[in-house]
Each structure stands twice: as C-alpha cells, then as structure tokens.
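# Analysis of the macromolecular model
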Amino acid sequence: MRVHLACGVTDMRKGFDGLAARVQTVLQLDPHGGALFVFRGRRGDLLKVLWWDGQGLCLFAKRLERGRFLWPQAKGPATQRSYVHAVSKFSRYFGRSPDLLGLEDVRAFQVHLVSTEISWPALNQTVYALRFFYGVTFGHGEIPERLRTRAAQTVGRQIKLDP
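First things first, this report covers the structure right here in the doc. What you see is a predicted model; the values in this text were computed from it and never measured.

On to the pairing of strand β4 (residues 57–63), then. Note: strand β3 (residues 46–52) against β4, seven bridges, orientation antiparallel. If you follow L47 over to β4, its bridge partner there is K62.

What follows deals with the side chain of S82. Checked against the element boundaries, S82 lands in helix α2 (residues 77–94). A residue is classified by how much of its surface remains accessible, and S82, at 18% relative accessible area, is buried. In this structure the side chain of S82 is engaged in a polar contact, spanning 2.9 Å, whose partner is the side chain of Q125.

Turning our eyes to something else, we now look at the sheet that holds β4. The four strands lie next to each other as β1-β2-β3-β4, forming an open sheet whose pairing is mixed. Pairing within the sheet leaves two strands with one partner each, and these edge strands are β1 (3–5) and β4. Shown here is a sheet whose adjacent strand axes are inclined to one another by a mean of 20°, direction ignored. Sheet topology note: the strand β2 (residues 36–40)/β3 ladder contains five bridges and is antiparallel. Counted as the bridge partner of R40 is L47 from β3.

Quick notes on the rules
- Residues numbered from 1 in each chain as written.
- Predicted model: local features only at pLDDT ≥ 70, side-chain atom pairs only at ≥ 80, totals over all residues.
- Heavy atoms only, no water.
- Pairing = 2+ DSSP bridges.
- Helix = DSSP H or I, 4+ residues; strand = E, 2+ residues; numbered from the N terminus.
- Buried < 20%, exposed > 50% of the residue type's maximum accessible area, 1.4 Å probe, protein only.
- Polar contact = N/O pair within 3.5 Å; in protein donor to acceptor, adjacent residues only side chain to side chain.
- Axes fitted to C-alpha atoms, helices over the stretch in contact; angles between N-to-C directions.

Structure follows, in structure tokens:
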C-alpha cells in the first residue's frame, strides 16, 4: 500500500471532498487509487488520513492530547520521493504495514539490502529514511537511536569504512 504525506500544513476543517480535491489538485494523484493520504494541521496535534477502501472514501483522524506530530517540511521533491520510496520498499519486502514492523525487521532488511550489493550511499539513504519514519513520524525514538549508518572515506584508491 502506498502512503503519501502531504508535506506542509493542511486546513483541518476539510472533510472527505476537500481532502480528495487537495489530493487531485496539489498532489496530482487519484484519491480513489487505494493509497493512504496523510495530512497534518497547523498546530501539529491533528492528523487526518484519507483512504479509498474499494467501496468508498474513509477518513480517519488522530488528535494528540499532548505534544505534536513532527512532520517533514516541504523539502525538495526528490528527497520526499526517495524517503517514501525507501519506506514503501521496506514495507513491501515484509508484506506488512511498516508500523507493524520493528527494529529486528529493519536490521533484517539492512542485511537483505547488503546481500543485493546495494551501494553504501543508497544503504545510508534508506537507513536515514527509516530513522526519520520511525523517529519523527511514529515517535519511536528507540529505533532511530539503534540504527547506524556507515561513513565512507576515500583514501587513495582504497575505501575505508568507519563503523
């Protein structure tokens, strides 16, 4: 299942039709395609999720009593796409929603990526995306703290990897 985050702020007074229109006009996507579209309000304490279940649009809301949802800023579209792609790839590998997966699953996914001979920069980008996803989006601070990246330094023609 694809998940699209509407970066930036959304008017939380919008309902089914207003959010579906935003998906069509701003994101230029079909709200009836089965993907999840997640929106955050200005104060940051409210999320709305729009989803087509095959029969009709569903609208879910979550309001925090304390704190706020940390949300990606509207950085470059390439960064947003790469992070969403990394989390989607992770989810597809296990065939489950990423919110049902934990630290051991992330480590197993890293091992899988290394076995496919992925480049270190691409592996680091995936790890950064998963750290952001679990730490910022879900607020699971224990997962990002335990995920490490590798820094590659070129020394002459050899590559030295620092743990």
